[in-house]
Number of protein chains: 6
Amino acid sequence: MIYITRKERFNAAHKLYKPEWSEEKNREVFGKCSNPNWHGHNYELFITVKGMPNPETGFVIDLKVLSQIVKENVIDPLDHKNINLDVKFMQGIMASTEMLAMQIWNQLHDAIRSQGAMLHAVKLYETENNFVEYFGNEK
Amino acid sequence: MIYITRKERFNAAHKLYKPEWSEEKNREVFGKCSNPNWHGHNYELFITVKGMPNPETGFVIDLKVLSQIVKENVIDPLDHKNINLDVKFMQGIMASTEMLAMQIWNQLHDAIRSQGAMLHAVKLYETENNFVEYFGNEK
Amino acid sequence: MIYITRKERFNAAHKLYKPEWSEEKNREVFGKCSNPNWHGHNYELFITVKGMPNPETGFVIDLKVLSQIVKENVIDPLDHKNINLDVKFMQGIMASTEMLAMQIWNQLHDAIRSQGAMLHAVKLYETENNFVEYFGNEK
Amino acid sequence: MIYITRKERFNAAHKLYKPEWSEEKNREVFGKCSNPNWHGHNYELFITVKGMPNPETGFVIDLKVLSQIVKENVIDPLDHKNINLDVKFMQGIMASTEMLAMQIWNQLHDAIRSQGAMLHAVKLYETENNFVEYFGNEK
Amino acid sequence: MIYITRKERFNAAHKLYKPEWSEEKNREVFGKCSNPNWHGHNYELFITVKGMPNPETGFVIDLKVLSQIVKENVIDPLDHKNINLDVKFMQGIMASTEMLAMQIWNQLHDAIRSQGAMLHAVKLYETENNFVEYFGNEK
Amino acid sequence: MIYITRKERFNAAHKLYKPEWSEEKNREVFGKCSNPNWHGHNYELFITVKGMPNPETGFVIDLKVLSQIVKENVIDPLDHKNINLDVKFMQGIMASTEMLAMQIWNQLHDAIRSQGAMLHAVKLYETENNFVEYFGNEK
């Protein structure tokens, strides 16, 4: 088994808030991340796939194919978008890095499986100081 | 003369659009940067100050003081904010990296001069691939 | 289960030496790291916590709380200090990156548990070329 | 158990192609990576070793020794070389990042074991966007 | 006047050698960079353009246009190529970072001028430790 | 004229203090940087040299020669040392980044001139957030 990772990027706006809470309560819990007029990030995304190298090509997965899968299912819906307002798979879900990483997993899992490889990890940086890793139900 | 640089960071939302243009015209000129619901970035800011080192301290400027000047005049107004909506010194100004760097210069120039040093450059990264440098009227 | 990591930094002096060995023996075993007058590093520290996201906030742990725990228990005792001389939890312990990472784990484990999350990993960079990871007794 | 990682670098030329395939077939499968006149990369290599710290030195492995083992067995054969033409342990093997990482593991495993530590992982970056991890038969 | 920089990347093979010298002489002067079977790098290229921001758009130059100019004139001819063998504008020229940066300047100067902006600098990294800057005849 | 830069690194201990001041006064002016038992940094040093490329080699300066000059005159005296106590060219001089950069310039200027090139800049990072540039008497 060998693990291969592709890094992609997207720039998006978001805020952390619960509509059923007052602005004061949101400010108290989420601090400046609850700014009603949004803020944003340069997100960095690392998608790790595992499998056996194909004996003909030496590849676990063709990285052009992996990059295309990530582009269609994750980057295009998120890049230069508002995560809370514009992204179908985040509707009704808190726009925290944790919840976003879990939804990105769901967007990618089957498409990678259909290429004969397995999604192993989604790693998502919100800033250089904060990142989240999700391994599905494996770990 | 010696040059000292302090790096700071802020995360903000923005969009590029002219209200007097249609959404189609904005999309044509500014592409995905014109998304009506905003997008955002982790901006990185480098403030370069020049002067002679103080013979007692060996400092051109006390970096704690410089960092405080940048925080009050630039980071606090911009961090976790919407550049178009929330930032007084960007009202009526296109939220491009170029215009933002020039306004940051204006916010800092006098406060740094009052410390006996001179602002030399503002360098502002919007993404790892794009940055702007402004040197006032010097260059 | 989801994993979230916070990066912090500290700058410290140290040396590698055993007081019961001669300076020659120390030089032989530890090379230039045994310089009697110390040397130092910009350490980079990555604290990884795991748990289930809180359904209300979408957080495994509030990063402001995690950052505060790391600051009080690790950064304040180490930053701008001499690891061998100034740091209580390193007294009588070799100031290698390995031993330091293990002691940092001990400083953080209970405080993170008391927040309802679990410390998963301590990753400590001494230089860009050398880093250590510690997972407690898990792995 | 504690994990320590050493980063090393090498610059090499390679191409991806199967000699039994036509140039068209190679171009179709490997894209621009099959350029007959080669291309190249600044590879970054992370070698992770695990073990218990030596009670006298606080070291899992002396990093000078580890660095020397990696230099002799991996860096010297690969640095400023053509991976397909010049590197004995890559003869007859596709010069993909996956296959190269697996062969690097084989070059290092026994020499590290003979130092009383265990090779845990080989992580190899081909570009900033693509890397591979290999853990032997462990995972 | 304001300065804007776009970062691009290419991966290429090259060697340093003079065909009129013996292999020994080449090895003596150029060291391992003269390996007859080539080696390669992940080059990083920073193109700096200067001008006044357009009052309508806030742009010195549209970065999509700049990126396209760099792609057509520099990246496409160099990426996944052999600099000595495959690149027309490097024929008969030593493939050093210095000479390559100067030729990249020549490839870009007029196309950028035709957009109403001025090429200010070409900065080219061969490795993380070595880079070259060229400012035309300005400096 | 073309500019070439070589990056080198050193790890050192230092403190900022004036022996003729009390510990309180030092603490007041220099903050935690005045810790009597020292602290330290991973310094990063960029040496920029300018000149015309040699028509035979395409080099402004042979980087192996430049690296050797920097190693002998700057890295060996500073690496794994205490800047205040161990470094001859810093005796009696405040160990600020500004003063250190200026002394590094003095250590390198003549040796680079004797190679037929000119020292253009010394850039010295103390941390990722603070760096100093010195251009001699040129600017």
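These notes cover the structure that comes with them.

Thresholds, definitions, all that
- Residues numbered from 1 in each chain as written.
- Chains lettered and ligands numbered in written order.
- Predicted model: local features only at pLDDT ≥ 70, side-chain atom pairs only at ≥ 80, totals over all residues.
- Heavy atoms only, no water.
- Least-squares fit on C-alpha atoms with pLDDT ≥ 70 in both.
- Contact = heavy atoms within 4.5 Å.
- Helix = DSSP H or I, 4+ residues; strand = E, 2+ residues; numbered from the N terminus.
- Buried < 20%, exposed > 50% of the residue type's maximum accessible area, 1.4 Å probe, protein only.
- Pairing = 2+ DSSP bridges.
- Phe/Tyr/Trp six-rings, centres within 6.5 Å; stacked < 30°, edge-to-face > 60°.
- Lys NZ or Arg CZ within 6 Å of the ring centre and 35° of its normal.
- Buried area = accessible area lost by both parts, 1.4 Å probe.
- Salt bridge = Lys/Arg side-chain N within 4 Å of Asp/Glu carboxyl O.
- Polar contact = N/O pair within 3.5 Å; in protein donor to acceptor, adjacent residues only side chain to side chain.
- Nonpolar A, V, L, I, M, F, W, Y, C, P; charged D, E, K, R; others polar.

### Considerations on the relation of the copies chain B and chain A
- Between chain B and chain A, which share one sequence, the superposing operator has a rotation angle of 180° and an axial displacement of 0.0 Å; the RMSD is 0.0 Å. What the superposition gives is, in effect, a two-fold axis relating one chain to the other.
- The share of interface residues of chain B whose copies in chain A are also at the interface is 100%, consistent with both copies meeting through the same surface.

### Structural notes on unusual backbone geometry
Residues and elements named next belong to chain C.
- Phi at His 80 takes a positive value of approximately 60°, unusual for a residue other than glycine.
- Checked against the element boundaries, His 80 lands in the loop between helix H2 (63-78) and strand S3 (81-82).
- Accessibility expressed as a relative area gives 7% for His 80, which makes it buried.

### A few points about the pairing of strand S1 (residues 2-14) of chain F
- Across the 13 residues that make up S1 of chain F, a large majority, twelve, are buried.
- The pairing of strand S5 (residues 130-134) of chain E with S1 of chain F spans five bridges and is antiparallel. Within the sheet, the bridge partner assigned to Asn 130 of chain E lies in S1 of chain F and is Arg 6 of chain F.
- Two strands pair when backbone bridges link them, and S1 of chain F and strand S2 (residues 39-51) of chain F are joined in this way by 13 bridges, in the antiparallel orientation. Across the sheet, residue Asn 11 of chain F finds its bridge partner in S2 of chain F, namely Asn 42 of chain F.
- In this sheet, strand S3 (residues 81-82) of chain F lies alongside S1 of chain F in parallel orientation, the contact comprising two bridges.

### Here we look at the packing of aromatic side chains
- Under the criterion given, the structure shown has 42 aromatic pairs over all chains.
- Ring centres 5.9 Å apart and planes at 25° place the aromatic pair Trp 21 of chain B and Phe 30 of chain B in the stacked group.
- Relative to Phe 59 of chain E, the ring of Phe 30 of chain B lies with its centre 5.7 Å away and its plane at 85°, an arrangement referred to as edge-to-face. One end of the pair, Phe 30 of chain B, is in helix H1 (residues 23-30); the other, Phe 59 of chain E, is in the loop between strand S2 (39-51) and helix H2 (63-78), on a second chain. Neither residue differs from the other here; Phe 30 of chain B and Phe 59 of chain E are each classed as buried.
- Through a chain of ring-to-ring contacts, the aromatic side chains of Trp 21 and Phe 30 of chain A together with Phe 59 of chain C assemble into a single cluster.
- The side chain of Lys 15 of chain D reaches across the aromatic face of Tyr 17 of chain D, ending 4.2 Å from its centre.
- When the ring centre of Phe 46 of chain D is taken as origin, the NZ or CZ atom of Lys 123 of chain D, which lies over that ring, is 5.9 Å away.

### Thoughts on the interface of chain B and chain F
- Counting from both sides, the interface comprises 19 residues of chain B and, opposite them, 21 residues of chain F.
- Looking at the side of chain B facing chain F, the largest losses of area belong to Ile 2, Tyr 3 and Glu 56 of chain B, adding up to 30% of the total buried there.
- Put simply, chain B and chain F have one salt bridge between them.
- Among the salt bridges present, the one from Arg 9 of chain B reaches Glu 128 of chain F, with a minimum N-O distance of 3.5 Å.
- Counting across the interface, chain B meets chain F through eight residue pairs in polar contact (both at pLDDT 80 or more).
- Top contributing element to the side of chain B that touches chain F by residue count: strand S1 (residues 2-14) of chain B, with seven residues.
- A breakdown of the residues in the side of chain B that touches chain F according to their chemical character gives ten nonpolar, three polar and six charged.

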